Each structure stands twice: as structure tokens, then as C-alpha cells.
Amino acid sequence: MKAACHRSLWIARITFLEAIRQRFFAFLFILGAALVLASGAVRVFDFGHSELKFLADFGFGGLFLFGSILGVVMTAQLFFAEIDNRTALTLLAKPLSRAEFLAGKFLGIWAVLGVFVLVLAALLAAMLGWRAAELAQLAVERRLAPPECDLAGLALYASLQWLRLGVIVAMVLAVAAAARTFLFAVVVGALAVLAGQLQWLSQELLLKPAETGLGHAALWLLTHLLPNLQQFNLGDALVLAPHQVTAGTLPWVFLSGVAYVVAFLVLATFLFRRREI
Amino acid sequence: MRRALPWVGLFALFLAVGVLADQSWRRARLALPEIGRRELEPTVGQGVLLGVLGGFRTVVADFTWIRGYVLWERKNDRAGTELLMRAACALDPRSRFFWENTGLAVANDMGHWEIRRRGGYAKVPKEIQDHLLRGYAQRGMVLLDEGIVSTGGDAALLATAALVAELQLKDLGRSADYYRRAAEARAAPWFAARFAAANLWKEGRRREAYVWYRAHWLKVLRLAEDGSPDDLKELRDMEHELRLPLLQRLPQQSWEVSQPGFVPRTNEGVTAPSPVGGQSRK
Amino acid sequence: MTAAPAIEVRHLTKDFRVGLKGVKLRAVDDLSLSIPRGQVYGLLGPNGCGKSTTLKVVLGLVPATAGEVSILGLPSATAEARARTGFLPEAPYFHKFLSGRELVRYCAHLSGVPSDRVEAAVEEAVALVDLREAAGRLVGTYSKGMLQRIGLAQAIVHDPELVILDEPTAGVDPVGAAAIGRIIEAMRARGKTVVLCSHLLGQVEQVCDRVAIMDKGRLVLEGAVAEVLERRDRHVLTVDALTPAALAAAEAALVAHGARLSAVTHPRRSLEELFRELVTGSRDA
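None of these values were measured; they are calculated from a predicted model.

Calculation notes
In this numbering scheme, every chain counts its residues from 1 along its sequence in written order. Whichever chain is written first is A, and whichever ligand is written first is 1; the rest continue in order. For a predicted model such as this one, the threshold for reporting local features is a pLDDT of at least 70, and the threshold for listing and counting side-chain atom pairs is 80 or more; totals across whole chains, interfaces and linings nevertheless cover every residue. Only heavy atoms go into the side-chain values, all of them from the structure, while hydrogens and water stay out. Stacked, edge-to-face and tilted labels apply to pairs of Phe, Tyr and Trp rings (six-membered ring for Trp) whose centres lie within 6.5 Å, assigned for plane angles under 30 degrees, over 60, and everything in between, in that order. In DSSP terms, a helix is any run of H or I states spanning at least four residues, a strand is any run of E spanning at least two, and both are numbered starting from the N terminus. Under the scheme applied here, a residue whose accessible area is under 20% of the maximum for its type counts as buried, over 50% as exposed, and between as partly exposed, the area being computed with a 1.4 Å probe on protein chains only. Only lysine NZ and arginine CZ atoms are considered, and such an atom sits over a ring when it is within 6 Å of the ring centre and within 35 degrees of the ring normal. In this description, strands pair whenever DSSP reports at least two bridges between them. Any two residues having at least one pair of non-hydrogen atoms within 4.5 Å are treated as being in contact. As a rule, the C-alpha atoms of each element are fitted with a line to give its axis, helices using only the stretch in contact, and angles between N-to-C directions run from 0 to 180 degrees. The definition of a right-handed crossover adopted here requires that, viewed with the strands pointing away, the path from the first strand over the helix to the second runs clockwise. Each cavity reported here is a set of points on a 1 Å grid over the protein atoms alone in which a 1.4 Å probe fits but cannot get out, each pocket an open set with protein on both sides within 12 Å along at least five of seven lines, and each lining residue one with an atom within 4 Å of a point. Grid points are joined across faces, edges and corners, and a volume is the space filled by probe spheres set on the points. Residues are grouped as follows: nonpolar covers Ala, Val, Leu, Ile, Met, Phe, Trp, Tyr, Cys and Pro; charged covers Asp, Glu, Lys and Arg; every other residue, Gly included, is treated as polar. A simple way to read buried area is as the amount of 1.4 Å-probe accessible surface that goes missing from two parts once joined, with both sides added. Any pair of N or O atoms that falls within 3.5 Å is considered a polar contact. Within protein, one atom must be able to donate a hydrogen and the other to accept it, and sequence-neighbouring residues count only if both atoms are side-chain atoms. Expected helix span is given by 1.5 Å per residue-to-residue step, counting one fewer step than there are residues. What the bend at a residue measures is the angle between two axes, fitted to the seven residues ending there and to the seven starting there. For this analysis, a salt bridge means a side-chain nitrogen from Lys or Arg found within 4 Å of a carboxyl oxygen belonging to Asp or Glu. Should an angle fall under 35 degrees it is taken as roughly parallel, and over 145 as roughly antiparallel, whereas 65 to 115 is taken as roughly perpendicular and any remaining angle as oblique. Left-handed describes a crossing whose near helix is turned anticlockwise from the far helix by less than a right angle; the clockwise case is right-handed.

Novice: What should I look at first to understand the packing of aromatic side chains in this one?
Specialist: Any pair of aromatic rings gets described here by the distance separating the centres and the angle formed by the planes. In this structure the tally under the stated criterion is 21 aromatic pairs over all chains. Relative to phenylalanine 14 of chain B, the ring of phenylalanine 264 of chain A lies with its centre 5.4 Å away and its plane at 75°, an arrangement referred to as edge-to-face. In this pair, phenylalanine 264 of chain A sits in helix α10 (residues 249-272) while phenylalanine 14 of chain B sits in helix α1 (residues 5-28), so the two residues belong to two different chains. Owing to a relative accessible area of 6%, phenylalanine 264 of chain A belongs among the buried residues under this scheme. Here phenylalanine 14 of chain B falls in the buried class, since its relative accessible area comes to 6%. Three or more aromatic residues link up through ring pairs in this structure, and these residues are Phe79, Phe80, Phe101 and Phe272 of chain A. Above the plane of the ring of tryptophan 10 of chain A lies arginine 13 of chain A, whose end atom (NZ or CZ) is 4.4 Å from the centre. Over the aromatic face of phenylalanine 272 of chain A sits the side chain of arginine 98 of chain A, whose NZ or CZ is 5.2 Å from the ring centroid.

Novice: I tried to follow the sheet that holds strand β4 (residues 66-71) of chain C on my own but got confused; where do I start?
Specialist: All names here are of chain C. Taken in spatial order, the 4 strands line up as β2-β1-β4-β5 in an open sheet, and their pairing is antiparallel. Unpaired on one side and paired on the other, β2 (23-35) and β5 (74-75) mark the two borders of the sheet. Sheet strands in contact with helix α1 (residues 51-58) are β1 (7-18), β2 and β4, and its direction is about 115° off that of β1.

Novice: Hey, could you run me through the pairing of strand β8 (residues 193-197) of chain C in this one?
Specialist: Consecutive residues of a regular strand have side chains that alternate between opposite faces of the sheet. Residue and element names in this part refer to chain C. Counting buried positions over the 5 residues of β8 gives 5, a clear majority of the element. What you see with β8 is no split at all: Thr193, Val195 and Cys197 on one side and Val194 and Leu196 on the other are buried throughout. Viewed along the sheet, the connection from strand β7 (residues 162-166) through helix α6 (residues 174-189) into β8 turns out right-handed.

Novice: Looking at this structure, how should I read empty space enclosed by the protein?
Specialist: Regions of empty space are outlined by a rolling probe, equal in size to a water molecule, passed over the atoms. Following the criterion strictly, the structure yields 4 cavities of 30 Å³ or more and no others. Contributing to the lining of the second largest cavity are Thr87, Thr90 and Leu91 of chain A together with Tyr93, Phe94, His95, Leu103, Tyr106 and Cys107 of chain C. In the lining of the second largest cavity, the residues fall into 6 nonpolar, 3 polar and no charged.

Novice: What's the story with the interface of chain A and chain B in this structure? I'm lost.
Specialist: For an interface, size is often stated in terms of accessible area lost upon the parts coming together. Contact with chain A, which involves 49 residues of that partner, is made by 48 residues of chain B. Both faces combined, the contact of chain A with chain B buries some 4300 Å², and carbon together with sulfur accounts for 72% of it. At the junction of chain A with chain B, the criterion picks out 3 residue pairs in polar contact (both at pLDDT 80 or more). Of all the secondary-structure elements, those providing two or more residues to the side of chain A that touches chain B are α3 (51-84), α7 (182-206), α8 (214-225), α9 (235-240) and α10 of chain A. No other element matches the 13 residues that α10 of chain A contributes to the side of chain A that touches chain B. Here the side of chain A that touches chain B is composed, by residue class, of 30 nonpolar, 14 polar and 5 charged.

Novice: What's the story with the sheet that holds strand β3 (residues 40-44) of chain C in this structure? I'm lost.
Specialist: In any sheet, the strands associate via hydrogen bonds between backbone groups, in a parallel or an antiparallel arrangement. Residues and elements named next belong to chain C. What the 6 strands build is an open sheet, ordered β6-β7-β8-β3-β9-β10; its pairing is mixed. Each edge of the open sheet carries a strand with a single partner, namely β6 (85-88) and β10 (218-224). Direction aside, neighbouring strands of the sheet carry axes that sit 15° apart on average. Relative to strand β9 (residues 210-215), β3 runs parallel, the two being bridged by 4 bridges. Within β9, the position partnered with leucine 44 by the bridge is isoleucine 213.

Novice: Just checking my understanding: could you explain helix α6 (residues 96-117) of chain B for this structure?
Specialist: Between its terminal C-alpha atoms α6 of chain B stretches 30 Å, which fits the 32 Å expected from 22 residues at 1.5 Å a residue. Most pronounced at aspartate 109 of chain B, the bend in α6 of chain B amounts to some 45°.

Novice: Explain the environment of alanine 27 of chain C to me, please; I cannot follow it from the model alone.
Specialist: Residue and element names in this part refer to chain C. Assignment of secondary structure puts alanine 27 in strand β2. Residues alanine 27 and valine 204 lie 177 residues apart in sequence; the distance between their C-alpha atoms is 23 Å. Leave out the neighbours within four places in its chain, and alanine 27 touches Lys14, Phe16, Cys49, Gly50, Thr53 and Gly217.

Novice: Mind showing me how you'd approach the pattern of salt bridges here?
Specialist: Think of it this way: side chains of opposite charge can pair up when their charged atoms draw near. Residue and element names in this part refer to chain B. Scanning the model with the defined rule gives 33 salt bridges over all chains in all. A salt bridge links aspartate 145 to arginine 174; the shortest N-O distance between them is 4.0 Å. Taken together, the residues aspartate 145 in helix α7 (residues 126-150) and arginine 174 in helix α9 (residues 172-184) connect sequence positions 29 residues apart. For arginine 174, a relative accessible area of 25% puts it in the partly exposed group. The network of salt bridges with common partners includes Arg78, Glu82, Arg86 and Arg139.

Novice: Hey, could you run me through the layout of surface pockets in this one?
Specialist: Residue and element names in this part refer to chain C. If you add up the space inside the second largest pocket, you get close to 1000 Å³. His235, Val236, Leu237, Leu261 and Ala263 are, among the 23 residues lining the second largest pocket, the residues nearest its centre. A breakdown of the residues in the lining of the second largest pocket according to their chemical character gives 12 nonpolar, 5 polar and 6 charged.

Novice: Looking at this structure, I do not really get the environment of alanine 187 of chain B. What am I missing?
Specialist: With respect to the helices, strands and loops of the structure, alanine 187 of chain B is situated in the loop between α9 and α10 (192-202). Measuring from C-alpha to C-alpha, the distance between alanine 187 of chain B and glycine 111 of chain B comes to 32 Å, with 76 residues separating the pair along the chain.

Novice: Can you walk me through the environment of serine 52 of chain C in this structure?
Specialist: Residues and elements named next belong to chain C. When you line up the elements, serine 52 lands in helix α1. Here serine 52 falls in the partly exposed class, since its relative accessible area comes to 26%. Excluding anything up to four places from it in sequence, serine 52 contacts Glu90 and Asp166.

Novice: Is there a simple way to think about the interface of chain A and chain C in this case?
Specialist: Tallying the contact residues gives 26 residues for chain A and 27 residues for chain C. Summing both sides of the interface, chain A and chain C together bury roughly 2600 Å²; the carbon and sulfur share of this comes to 64%. On the surface where chain A and chain C come into contact, there are 1 salt bridge. In this structure, glutamate 276 of chain A and lysine 14 of chain C form a salt bridge, with 2.7 Å as the shortest nitrogen-oxygen distance. Within the residue set of the side of chain A that touches chain C, elements represented by two or more residues are α1 (2-20) and α4 (87-92) of chain A. If one sorts the elements of the side of chain A that touches chain C by residue count, α1 of chain A sits on top with 7 residues.

Novice: Help me out: how do you make sense of the packing of α1 of chain A against helix α5 (residues 98-142) of chain A in this one?
Specialist: Helix-helix packing: each pair is described by the crossing angle between the helix axes and the interaxial distance. All names here are of chain A. Two numbers describe how α1 lies on α5: the axes approach to 7 Å, and their chain directions differ by 45°. Overall, the two elements α1 and α5 adopt an arrangement that is oblique. The crossing of α1 and α5 is right-handed. Here α1 contributes Ala4, Arg7, Ser8, Leu9, Ile11, Ala12, Thr15, Phe16, Glu18, Ala19 and Ile20 to the contact with α5, which in turn contributes Glu100, Phe101, Ala103, Gly104, Lys105, Leu107, Gly108, Ile109, Ala111, Val112 and Val115. Of the residues assigned to the contact of α1 with α5, the class counts are 14 nonpolar, 4 polar and 4 charged.

Novice: Any chance you could explain the side chain of histidine 95 of chain C here in plain terms?
Specialist: Checked against the element boundaries, histidine 95 of chain C lands in the loop between β6 and α3 (100-110). The residues contacting histidine 95 of chain C, other than those within four sequence positions of it, are Ile14, Glu18, Glu82 and Thr87 of chain A together with Tyr106 and Val139 of chain C.

The quantities given are spatial measurements derived from coordinates; they are silent on function.
Listed below in C-alpha cells is the structure:
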């Protein structure tokens with residue numbers, strides 16, 4: 001077990017080094033950071049939103065959109081690079097199992113996405129913290145209640161987004177393990193992410209609480225094959241209205257996320273095990 | 001059979017994960033009001049928008065609002081204006097601003113646009129004008145009600161609904177009800193309680209107005225730094241109008257004596273005592 | 001008890017499904033061979049004959065349709081078997097952002113070299129392929145020959161008993177190819193088994209102890225190099241200072257004994273030998 005972890009970590013390390021050098025990563029990283037920083041300039045359009053909510057939304061949006069794109073494209077790209085360049089030949093000829101290989105790829109890509117989330121969240125925290133302090137001062141002067149802004153909640157939200165991206169990476173790895181081309185993996189992976197965002201809606205529309213039976217069970221399983229990615233979008237509540245998040249919500253969301261990561265990695269290993277390199 | 005075993009295992013794994021995910025979603029959705037509120041039940045279109053845009057939706061809402069606002073300024077595309085403004089509300093249902101301004105646009109403006117579209121005030125008969133204005137006012141109220149639910153009972157939105165009910169629908173009772181809810185909500189506007197009592201009073205429900213206003217002053221307004229002297233003055237006027245016996249009136253406050261225009265109350269002109277909060281009305 | 005052969009292939013068949021209809025393409029057809037330990041073994045054949053497929057099945061990269069393969073007595077698709085095997089694929093590609101040393105270190109860790117032995121193993125492998133000076137440079141700056149050599153280094157860093165090389169000298173100049181040949185001989189001297197797939201028949205002839213020739217997925221010929229290349233129906237005599245009179249007398253003597261002189265020619269050296277003679281010392285910088 002220790003040796004297996006050792007090998008997976010080495011695969012992860014090299015995958016991380018490879019990913020962090022990609023121009024695509026740098027591009028989306030800069031774009032995401034620019035979006036967070038630009039929110040300060042676009043505040044004039046906030047239409048009386050809680051200003052902090054407006055700032056936060058830009059940050060949440062950047063993490064969501066660019067993180068998802070990175071998760072899908074980078075995973076497919078790094079996987080197929082090993083296949084197309086035939087480095088997979090060299091690696092899998094060593095005493096490295098396919099499960100260890102996939103685990104290593106997952107950890108490496110997830111680590112890069114962790115850097116992405118951490119930096120963007122730190123930028124957002126700086127923007128929110130600075131503006132919240134200013135607004136709190138103004139509120140004291142006007143004898144109003146200061147706006148709520150929980151930076152610890154932002155840290156929790158960042159962790160949730162990192163986990164969400166982990167689910168996406170695991171899902172795309174499962175698709176890539178079966179796919180023949182990079183483009184197919186990207187397209188299907190993106191569709192799977194989209195479906196994951198809409199999974200809650202399919203549940204609401206298709207699963208009527210009163211119905212039971214085999215059909216209902218089949219529909220239930222079908223709608224739950226894909227993870228419900230909407231459950232990770234708790235930014236508004238965690239950062240701006242912490243009292244809205246009930247105790248016990250976050251542990252369940254984290255557990256659900258981890259479970260999906262494991263399930264998709266198992267599926268990926270199963271699909272990859274007989275693949276001809 | 002042996003070949004099917006791994007697939008069975010995968011099936012069981014995803015089944016277990018699905019059960020876990022269900023439990024997680026049950027809790028998480030409560031923190032997502034735009035999804036979690038059963039009474040909202042977003043349409044498929046709204047649901048797709050919420051799902052697809054994720055964290056970006058409120059930014060998209062703002063830009064949708066800008067477009068709707070431009071159409072509002074032009075005043076020649078009622079349907080387009082309403083559609084865009086409603087879209088902004090759907091994308092960011094927690095924003096009071098969108099609900100408030102959409103409700104006001106529909107309630108106050110669109111009736112007049114429709115009259116103009118039909119030929120103008122000289123051409124359209126008065127009954128039709130009233131019907132249209134009332135119809136759009138009702139529509140605006142429905143929107144405001146939806147907004148009140150989405151925003152969790154925002155006090156300012158309740159006050160806006162009260163204003164529309166009073167000015168457009170001429171329904172003082174309904175207006176008073178909204179003002180009362182606004183007064184009892186978080187961050188209540190300073191005037192909400194006063195207007196609630198005033199509208200109830202104007203509707204002839206004077207005793208009810210006083211009882212509620214008095215209870216609210218004792219519970220909430222009195223705790224303000226200055227003790228809400230203006231509200232207390234209104235209550236004193238009500239007590240005088242209702243000719244309440246001294247014992248049924250609010251006790252004199254220590255700081256009241258120093259207030260400008262203070263008039264000590266007496267039992268002069270008081271009618272037969274009636275219990276505070278009773279149903280007798282003048 | 002005799003040691004199990006380095007590689008044992010028994011009735012190996014591999015079919016690929018091609019196209020939408022899934023038509024079967026038989027790449028390897030009932031192949032059986034046994035590669036003994038401690039030798040350099042050449043696996044030859046034209047393009048598409050099934051050599052690379054056979055190697056991939058041996059290494060567990062591709063599952064067999066039928067048949068069995070074992071490495072050093074162990075089932076080939078196991079991690080234990082792969083731990084005792086080193087592999088250099090054809091036209092290897094390595095991460096350009098790693099230096100040669102980092103690449104070999106990476107492969108050492110993946111191959112199970114104990115952490116306290118990694119640095120020593122890396123230096124040893126790098127020294128064996130004569131890349132000590134260039135090991136600190138990025139792999140992206142290497143020439144073809146250097147790439148092949150660093151590929152060799154990663155294949156042997158964990159001191160495997162069996163080394164499989166697929167076209168190790170493809171695209172490499174004769175000097176570089178000769179260097180690789182010397183490395184292969186050094187590995188044999190250390191008791192390793194080397195399986196060599198190559199189109200450079202001259203080199204195979206020089207380096208290999210045994211060869212197998214495949215064509216259309218089947219084994220056509222297998223045996224020791226010296227045995228399979230010998231033409232036992234003919235003899236070669238090398239004569240110094242042959243005069244016309246001596247030639248005539250020799251021919252007469254041969255005819256008298258029932259033999260026949262077929263040809264009289266001057267021996268030739270190969271272009272490779274001439275090239276090496278002339279340019280030895282002009283190595284990769």
C-alpha cells in the first residue's frame with residue numbers, strides 16, 4: 001500500500017509540474033484573477049445589491065466558470081498527452097498499476113486546481129475584506145448595521161469549490177478512460193458537467209414523491225449517476241449569510257463529494273484496465 | 001456471470017453514493033433559497049438558467065437588468081421590458097432591487113403605456129383606463145408578493161407593496177397589512193408602523209389601529225434611543241380621538257414632559273370605559 | 001532445477017477489431033517461443049509483422065486474445081514481473097521539462113528502487129549510458145542519440161534482469177548506434193537478458209546471440225545467430241598473396257576432389273566499419 005501511494009504521488013508530482021507549465025492554465029488563471037480584481041471597478045453597476053454580494057459574485061463566477069473549464073480541458077489534455085506521446089507505454093511497463101496511474105493523474109491535476117482556487121479565493125478575500133472594513137466604518141458613522149461578510153465562510157466555500165473541481169476531474173478521467181480522442185473526452189466531459197449542474201432540476205421534474213416502483217427506482221438511479229454539482233454553490237450563504245447554512249450541511253456535502261470522486265475513479269480504473277496502450 | 005460481477009459492483013457503488021448524495025442535497029438546498037423554496041418552484045427555464053450559470057448568474061442578472069432598463073426608458077416595448085426585468089428577478093431572486101423596481105414598473109407605468117398604445121387618454125374610455133390601471137397594479141402586486149417571498153420578507157419591499165396597494169389599488173386595509181409586516185420585519189423602515197396605524201385608522205378600524213400601534217410601540221419602538229417620541233405623539237392623538245380613560249392609555253413617559261407641545265392628558269370628554277383591545281369602534 | 005526462461009510465449013494470438021464492423025485483424029498468430037536468460041535476443045521482421053504487438057503483450061500493455069506469456073517464470077501481466085523488467089519503447093518521448101537525471105530518478109521511484117538507493121542507482125545508470133555530463137540538461141535539448149541513451153538509463157535504473165529494447169537505434173547515427181551496441185554488450189556481461197527489436201540487421205547480427213524472425217504474425221525462423229547465418233553447403237577460404245599460378249593450382253586441386261571453385265573475390269569491409277574507422281572520436285557533444 002505504501003509503495004502504491006509512493007508511485008501514485010510521483011505520477012502526481014510530474015503531472016502537477018506538467019500542468020502548471022501549460023499556457024492554457026496560465027491564461028485561465030490570469031483571466032479568473034482579472035475578473036475578481038475587475039469587480040471592484042464594475043461596482044457602479046451593482047444596482048444597490050449589497051455591494052459585497054456583487055464583489056463576491058464575480059469571484060464565485062470566476063471560480064465556477066474558469067475552474068470548470070480548466071477541470072475538463074486540462075484533465076482530458078493531460079490524460080491524452082500520455083497516450084498520444086506514448087509516455088504511458090514507458091510508465092505502464094513499470095510495476096505501476098493502472099489504478100495507481102489514474103490516482104496519480106487525479107492527484108496531480110487536483111493539486112493544480114487547488115492552486116487556482118487558493119489564489120483566486122485569496123484575491124477575493126482581500127477584496128471583500130478591504131471593502132467590508134470600509135463599509136463597516138461607514139455603517140458605524142451612519143448608525144446602521146454593518147454588512148455581513150464571513151471570511152472563514154469564504155475559506156469553506158473555496159474548499160467546496162476545490163472538492164467540486166475534484167469531482168469534475170474524476171468524472172472526466174472516467175470519460176477519458178473510455179474515449180478514443182481528446183475532443184470526444186472534452187465534449188462529453190463538458191456535457192457531463194452541465195448535466196451535473198442541472199441534475200437537481202431533473203430530480204425535481206422527473207421524480208414525483210408519490211410515485212414508487214421499478215420505473216421510479218430506475219429514474220432515481222439514472223438521475224443520481226451524475227453528481228449534483230449545484231449543492232456546492234453555497235457561496236452566498238456561507239460568505240454573506242452564514243446563519244442560512246444549517247449545522248450538518250457541510251459534512252454531508254463534503255462526504256457526498258468525496259464519495260463521487262472515489263466512485264468515478266473506480267469507474268475510470270475499470271474502464272482503463274483493458275485499454276490497449 | 002464472472003464478467004458481470006464488476007458491473008454489479010459498480011452499480012452497487014453508485015447506488016450507495018446516490019443515497020449519500022440525496023441526504024446531502026436535502027440539507028444543501030435549504031441554503032439555496034432560489035432553489036430551496038417549495039413555494040417558488042422555478043420553471044424549467046429558470047431552473048436551466050440557475051443550473052447552467054451557477055455562480056455567474058447574478059452578474060448576468062445585472063446585465064439583463066441594464067437591457068431591461070434601456071427598454072423601460074424607451075417606453076415602447078412593454079412585453080420586452082417586463083420579460084427582461086422578470087429574467088433579472090429569476091436570475092437573482094434574492095435581490096430586492098430587481099423585484100422592487102420590476103413591481104413598480106409594472107404597477108405604476110405599464111398601465112399608462114397600454115393606454116397610450118390604445119390611442120391615449122382622450123380616446124380610451126375612462127372605465128377601460130381604470131380597468132387597465134387596476135389590472136397592471138394587481139400584476140405588479142403579484143410580482144412584489146413573489147419578491148417578498150424570495151427575499152425572505154424584506155422590509156423595504158413590504159413597504160413598497162404597501163405603497164402600491166394604497167396609491168394604485170386604493171386598498172387601505174391591504175396597505176396597512178403590508179405596512180404592519182414591514183414594521184415587524186428586520187431593519188424595518190421608521191415610518192412603517194406609523195403608516196400601518198394611519199391606514200387602518202383611515203379605513204375606520206380605529207380601535208384596531210390603536211391596539212396594534214400601542215403594542216408595537218411598547219415592544220419595539222419604545223426601545224429606540226429616543227423612545228420614538230413622534231410615534232408616541234401619534235398614539236396620544238389616537239387616545240384623545242378614541243377618548244380613552246387615563247388608565248387605558250399609555251403611561252406617561254419621564255421624558256415626555258420635556259417634549260415640545262406636550263399637553264397633559266385628562267379624563268375630560270372620555271366616554272364609558274371599554275377594555276383596551278376590545279371591538280368597540282366609533 | 002533449471003531457471004525459467006527470461007520470456008516464455010505459448011500459443012500467443014492477438015486479434016484487433018478494426019473499423020465500424022469490428023473486423024478482426026490477426027496481428028499475432030499462434031506464436032510460441034522461449035527466450036533464454038543471459039543472452040541478447042533479436043526479434044526481427046518487416047513492419048506490421050507483430051513484433052511490437054508481441055512485446056506489448058509480454059509487458060501487459062495489451063491483453064492477449066489467447067495464449068500465455070510469462071516473464072522469469074511469473075505471469076507477465078503482474079507488477080512483480082514488470083518490476084524485474086526494463087523497457088525502452090520505439091521513438092521514446094519523455095517530459096521535456098525534466099532533466100535527464102530527474103527523468104531517471106522519476107523512473108527509479110516508479111520501478112520500486114528503495115529511496116535510500118535511488119541517487120546511487122541514478123548515477124550508475126547515467127554513467128553506464130555515458131551521459132554523466134549531459135544529465136543535468138533538460139531532456140528537451142537532447143539529440144536523438146542522447147534520447148535513446150537516457151531512455152536506456154530509465155529502463156535499467158532499477159537493475160532489471162530482463163531488458164526489452166524496441167528499435168533502440170532507430171534514427172541514430174552509426175557512432176551513436178555503436179555506443180548503444182556497446183551498452184547492450186555491457187548489459188549482457190552483467191548477466192542480463194536483452195530482447196532487441198531492430199531493423200538494423202547489421203547490428204543485430206553483431207550483437208545478438210539468438211534471433212527470431214516473424215512475418216505476418218507467425219514465427220518463421222528461430223535460432224542462434226551463428227547457426228542460422230551459416231551456409232553449410234559452402235566454404236570460404238581467405239588467402240593472402242594469391243598469385244595466378246597458385247590460383248590455377250588450387251582450382252585444379254579442388255576439381256580433382258570433386259569440389260568447384262565458384263568465385264574469387266576480394267573481401268570487403270562494411271561501410272559502417274569504414275565510417276567508424278574514420279570518425280571515431282566525433283561523438284555527441
